[in-house]
Amino acid sequence: PLTLKELDNGKMDISNEYITNEDYEKYFTHFNPDLYNPKDWARKAKEAGMKYVVLTTKHHDGFCLWDSKYTDYKATNTPAGRDLIREFVDAFRAEGIHIGFYYSLLDWHHPDFTIDKNHPQRIDNGTKADYDKVNKGKNMDNYRQYMKDQVRELLTNYGKIDIIWFDFSYPGENGKGHDDWDSVGLLKLARQLQPGII
């Protein structure tokens, strides 16, 4: 197990597998959550006394549960064929439960997201020069704009959103920190769109 100090020093790997987008495609083409029942979950959550819920809208793999106009890598293009966030938000809001969204800052699918020490295509013991080579042609400015465009969608298309959870920074050599995400600009955007958001 890693100590807290080791985690703080960026020694945590968030992926175990080394996988390409092409190898991951089989999960996309079969995605169909047949047990997805937010109305039932919301009813049970209310009965249990829950006051808020947080849904993962996009995780590190870049797959989106909503019909984002900025990517084809989304639930509406899978056998699920629908906006899963809309169903979730409507069901929980109908039960009076506050809505929160988790949004991964990482996106291993986006072509401009640079490969780094946590990426499934990472280079073990890679130097900065190694990473510069594999990232030639990738543009994090393009990715930052994409990320902000998606956050704008999430915070304007679903009514009042009470919580936004941006996950996560790992600064240092071959990592990503606040400048890579434009954290200040991202938080400013979130508060502009949802002034009461936590």
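As shown above, the structure is provided for reference.
This one's a predicted model, so the numbers in the text were calculated from it and none came from an experiment.

## A short note on the overall build of the chain
Check the secondary structure of the chain and you find eight helices and three strands. Mapped in sequence order, the helices and strands of the chain form the string α-α-α-β-α-β-α-α-β-α-α. The globule rule puts the C-alpha radius of gyration for 198 residues at 16 Å, and the 18 Å found for the chain is close to it. With the principal axes as the frame, the chain shows a C-alpha extent of 55 × 35 × 35 Å. Within the chain, the proportion of its 198 residues that are buried is 45%. Considering only residue pairs separated by 6 or more positions, the chain has 76% of its internal contacts joining residues 24 or more positions apart. Side-chain charges of the chain comprise 27 positive and 32 negative groups, with the mean position of each set lying 5 Å from the other.

## Some thoughts on the layout of surface pockets
Taken as a whole, the largest pocket encloses approximately 250 Å³ of empty space. In terms of lining, the largest pocket is formed by 13 residues, of which the most central are Thr114, Tyr131, Asp132, Asn135 and Asn174. Considering every element that reaches the lining of the largest pocket, the biggest residue donor is helix α5 (residues 128–134), with three residues. By residue class, the composition of the lining of the largest pocket is three nonpolar, five polar and five charged. Here the second largest pocket defines a volume of roughly 210 Å³. Split into classes, the residues belonging to the lining of the second largest pocket amount to three nonpolar, three polar and five charged.

## Details of the packing of aromatic side chains
For the structure on display, the rule yields 14 aromatic pairs. Pairing Phe113 with Tyr143 gives two aromatic rings, centres 5.1 Å apart and planes at 80°, and the pair type is edge-to-face. Residue Phe113 is located in the loop between β2 (98–104) and α5, and its partner Tyr143 is located in helix α6 (residues 140–156); the two are separated by 30 residues in the primary sequence. Like Phe113, the residue Tyr143 is buried in the burial classification.

## Focus on unusual backbone geometry
When glycine is set aside, most residues are seen to have a negative phi, and most peptide bonds are trans. Asp167 connects to Phe168 through a cis peptide bond whose omega is -5°. Relative to the helices and strands, Phe168 is located in the loop between β3 (163–167) and α7 (178–181). Phi angles above zero are rare outside glycine, and Asn125 is one such case at about 55°. Mapped onto the secondary structure, Asn125 falls in the loop between β2 and α5.

The rules we used
- Residues numbered from 1 in each chain as written.
- Predicted model: local features only at pLDDT ≥ 70, side-chain atom pairs only at ≥ 80, totals over all residues.
- Heavy atoms only, no water.
- Helix = DSSP H or I, 4+ residues; strand = E, 2+ residues; numbered from the N terminus.
- Rg over C-alpha atoms; globule rule 2.2 N^0.38 Å.
- Buried < 20%, exposed > 50% of the residue type's maximum accessible area, 1.4 Å probe, protein only.
- Contact = heavy atoms within 4.5 Å.
- Lys, Arg positive; Asp, Glu negative; His and termini not counted.
- Charge placed at Lys NZ, Arg CZ, Asp CG, Glu CD.
- 1 Å grid on protein atoms, 1.4 Å probe; cavity = no way out; pocket = protein on both sides within 12 Å on 5 of 7 lines; lining within 4 Å.
- Points joined across faces, edges and corners; volume = space filled by probe spheres on them.
- Nonpolar A, V, L, I, M, F, W, Y, C, P; charged D, E, K, R; others polar.
- Phe/Tyr/Trp six-rings, centres within 6.5 Å; stacked < 30°, edge-to-face > 60°.

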